[in-house]
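Given next are the chains, with one letter for each unit.
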Amino acid sequence: MYRSAYLNNLLSEVKEKYAGQKEFIQAVEEFFDSMDFLIDKEPKIVEYSILERIIVPERIITFRIPWVDDSGKIRVNTGYRVQFSSAIGPYKGGMRFDKSVNLSILKFLGFEQVFKNSLTGLPMGGGKGGSDFDPKGKSDAEVMRFCQALMSELYRHIGPDTDVPAGDLGVGGREIGYMFGQYKKLTNTFTGTLTGKGLSFGGSLARPEATGYGLCYFAGEMLKTFKNTDFKGKKVLVSGSGNVATYAMKKVRELGGTVVGFSNTQGYVADPNGIDVDLVFELVAKDKRKIISGYVEKHPGVKTGSCPRDIWKTPCDVALPCATQSEINLENAKELKSNGCYMVAEGANMPCDLEAIRFFNENGVIFAPGKASNAGGVAVSGLEMSQNSQRLSWSFEEVDSKLHDIMVNIFKNCHETAKKFGVETNLALGANIAGFMKVYEAMLAQGVC
Ligand code: NDP
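All figures in this text were calculated on a predicted structure; none of them were measured in a lab.

Visitor: Sorry, what's going on with the site of the ligand here?
Guide: Surrounding the ligand, one finds 24 residues, the nearest of these being R96, D168, T211, T265 and N349. Within the side chain of R96, one N or O atom sits 2.9 Å away from an oxygen atom of the ligand. For the ligand, the protein covers 85% of the area, taking 900 Å² as the surface of the free molecule.

Visitor: Help me understand the state of the cysteines in this model?
Guide: Covalent bonding between the sulfur atoms of two cysteines is what defines a disulfide. Applying the stated criterion across every chain yields a total of zero disulfides. Unpaired in this structure, C216 has its nearest cysteine sulfur neighbour in C322, at a distance of 7.7 Å. Using a relative accessible area of 1% as the deciding quantity, one classes C216 as buried. We note that C341 lacks a disulfide partner, and the nearest cysteine sulfur, in C316, lies 4.1 Å from it.

Visitor: How should the pairing of strand β6 (residues 235–239) be read in this particular structure?
Guide: Residues in a regular strand point their side chains to alternate faces of the sheet. Buried residues dominate β6, accounting for four of its five residues. As a crossover connection, the stretch from β6 through helix α9 (residues 243–254) into strand β7 (residues 258–264) is right-handed. Relative to strand β10 (residues 318–321), β6 runs parallel, the two being bridged by four bridges. Residue pairing for β10: S239 is matched across the bridge by P321.

Visitor: Any chance you could explain the packing of aromatic side chains here in plain terms?
Guide: Each pair of aromatic rings is reported with the distance of its centres and the angle of its planes. Using the criterion set out here, one finds 24 aromatic pairs in the structure. For the ring pair F97 and F146, a centre distance of 5.2 Å and an interplane angle of 90 degrees mean the geometry is edge-to-face. Here F97, found in strand β3 (residues 91–97), pairs with F146, found in helix α6 (residues 140–154); they are 49 residues apart in sequence, far enough to count as distant. Comparing F97 with F146, the two get one shared label, buried. Aromatic ring contacts, followed pair by pair, group Y18, F24, F31, F32, F84, F111, F115, F436 and Y440 into a single cluster. In this structure, K138 packs its charged tip against the face of F133, placed 5.2 Å from the ring centre. Note that K251 overlies the ring of Y213, its terminal NZ or CZ placed 4.4 Å from the centroid.

Visitor: Any chance you could explain the sheet that holds β7 here in plain terms?
Guide: As a general point, the strands of a sheet are linked pairwise by backbone hydrogen bonds and lie either parallel or antiparallel. Strand order in the open sheet formed by seven strands is β9-β8-β7-β6-β10-β11-β12, and the pairing between neighbours is mixed. Looking at the sheet topology across the chains shown, the edges are occupied by β9 (303–305) and β12 (366–368). Mean inter-strand twist for the sheet, computed between neighbouring axes without regard to direction, equals 10 degrees. Both β6 and β7 contribute to a ladder of three bridges, which runs parallel. By the bridge assignment for β7, K235 is matched with T258.

Visitor: Mind showing me how you'd approach the sheet that holds strand β2 (residues 74–85) here?
Guide: Taken together, the five strands give an open sheet; going across it, the order is β1-β2-β4-β3-β5, and neighbouring strands pair in mixed fashion. The open sheet terminates on both sides in strands that have one partner only, identified here as β1 (59–68) and β5 (163–166). When strand polarity is set aside, the average angle formed by the axes of neighbouring strands in this sheet is 20 degrees. Where β3 lies against β5, four bridges are found, and the strand directions are parallel. Bridge pairing links Y91 to D163 in β5.

Visitor: Can you help me understand the side chain of D353 in this one?
Guide: Looking at where D353 falls in the secondary structure, it is placed in the loop between β11 (343–345) and α13 (354–362). Buried and unpaired, D353 has no salt bridge, with R309 as the nearest side chain of opposite charge at 5.5 Å. Leaving out residues up to four positions away in the same chain, D353 has contacts with Q26, S326, I328 and N329.

Visitor: Would you explain the side chain of T195 in this entry?
Guide: Topologically, T195 is positioned in the loop between α7 (173–187) and α8 (207–227). When its relative accessible area of 0% is taken as the criterion, T195 is described as buried. A distance of 3.2 Å separates polar atoms of two side chains, one belonging to T195 and the other to S381.

Visitor: Explain the environment of A219 to me, please; I cannot follow it from the model alone.
Guide: Along the polypeptide, A219 turns up in helix α8. The exposure class assigned to A219 is buried, which follows from its relative accessible area of 0%. For A219 and V318, which are 99 residues apart along the polypeptide, the C-alpha to C-alpha distance reads 8.9 Å. Look past the residues within four positions of A219 in its chain and what remains in contact with it is F231, L320, M343 and A345.

Visitor: What is the right way to read unusual backbone geometry from this model?
Guide: Glycine aside, residues mostly have negative phi, and peptide bonds are mostly found in the trans state. The backbone of S49 shows a phi angle near 50 degrees, a positive value even though the residue is not glycine. Within the element layout of this structure, S49 appears in the loop between α3 (44–47) and α4 (50–54). A residue is classified by how much of its surface remains accessible, and S49, at 30% relative accessible area, is partly exposed. Of note in this structure, R391 is not a glycine but carries a positive phi near 55 degrees. With a relative accessible area of 69%, R391 lands in the exposed category.

Visitor: Which parts of the structure should I look at to understand the pairing of β7?
Guide: Burial analysis of β7 places six of its seven residues in the buried class, the great majority of the element. Sheet topology note: the β7/strand β8 (residues 267–270) ladder contains four bridges and is antiparallel. Bridge pairing in β8 places N264 opposite G267.

The rules behind the values
Residues numbered from 1 in each chain as written. Predicted model: local features only at pLDDT ≥ 70, side-chain atom pairs only at ≥ 80, totals over all residues. Heavy atoms only, no water. Near = heavy atom within 4 Å. Polar contact = N/O pair within 3.5 Å; in protein donor to acceptor, adjacent residues only side chain to side chain. Areas by Shrake-Rupley, 256 points an atom, 1.4 Å probe, with all protein chains shown as cover. Disulfide = S-S within 2.5 Å. Buried < 20%, exposed > 50% of the residue type's maximum accessible area, 1.4 Å probe, protein only. Helix = DSSP H or I, 4+ residues; strand = E, 2+ residues; numbered from the N terminus. Right-handed = clockwise from strand over helix to strand, strands pointing away. Pairing = 2+ DSSP bridges. Phe/Tyr/Trp six-rings, centres within 6.5 Å; stacked < 30°, edge-to-face > 60°. Lys NZ or Arg CZ within 6 Å of the ring centre and 35° of its normal. Axes fitted to C-alpha atoms, helices over the stretch in contact; angles between N-to-C directions. Lys, Arg positive; Asp, Glu negative; His and termini not counted. Salt bridge = Lys/Arg side-chain N within 4 Å of Asp/Glu carboxyl O. Contact = heavy atoms within 4.5 Å.

That is the geometry; function is a separate question.
And the structure:
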């Protein structure tokens, strides 16, 4: 891979300074792959040290979260908020609760969020946060006490015009509700400071569906533009079985495609005749931990296994990785290609390793990066902020239609930008440059700050 001396040196510095932050380094490296096309055309990038600045978060807050479990034992977790860029609006990005959470993961997510939010066309900066708290196996009361303890510190750093957190892995409506309640109590205000709220207190219709539906709207544009077709009759492999994955499955089915697989941390299920999407929803609602065994019990003929990565051996036309980061490595990418897959659109954040992305680009598999294709969630969060500030609430159809338009626009923006740089199918490049330009212009206008 060619890289200019300037970017090469900068990348070496990043690798040395943040050694050990492998997810963050991958996000920066992938971004620099695209910047190589731009820096000669935009000399102010180097002159004003834009890249040196843009890769460093404006602020990182790290804090202790002591809470009491149901047996009376005091537990301690670490909380983070990475306020990456406020160049084009208040920081905006989800909170992740998972035992794997660390600064590298939150920095990579926050960095990607900056460009994703810019691509939506809404005035939102980028941020991310979370904790190494593992909600699995915790009681409702424990989750509530943990959320309250977290917010007892976080409330001083956020606000409707400062930083508006949302959900992510492990943080759904329940957790947002508990955090919102504590924020409201501590600040004595009722504002749209968190998004993903319940409908009775300022939430937006279609927020749960937004990322999965938005992904399919984006992937539909890819099919139309590059293959002159649509989802009808296509075999679509969806990994994960959480919020993004389940609504992606539902929309794929609605658009005429056949979902041929899903997974979770305990394994996968594949069926060329089509996954029973209603049953997946039913099983998820009952007990997430038992969905693989529950599904196999009802459909004993399906292919299944305990290694989630084996899902990528399933023949398909389109793959929508919707579980987590780094779920497709080079070997999985090769398996997908050799089994007929010609299009991959990321529903999760950075599910594909850099080698996998390069393989797709060099081998005719059209690839869409999460920062563009999964932007539907944050787009509807932005719409929730608008509804909150106007004290309005739009119908499901209204929000869904705005979501559809935003996703089509993001696709067009990425595609046209990639075309302008002579690499029409390189949507990663299109997304990086299109997302970057708005932030870059704002940074130039705002001076050194
Ligand atoms: P959920 O917590 O709802 O679901 C995550 C799903 O992925 C679960 O089914 C989980 O399984 C599964 N999973 C986790 N790790 C693995 C693995 N290594 N292999 C296979 N399956 C795995 O999260 P979301 O659906 O909300 O988020 C999924 C991804 O999408 C994340 O990367 C998130 O950052 C990204 N995203 C989410 C948005 C949103 O609106 N929710 C917006 C934009 C991006 P198990 O149940 O066993 O843990």
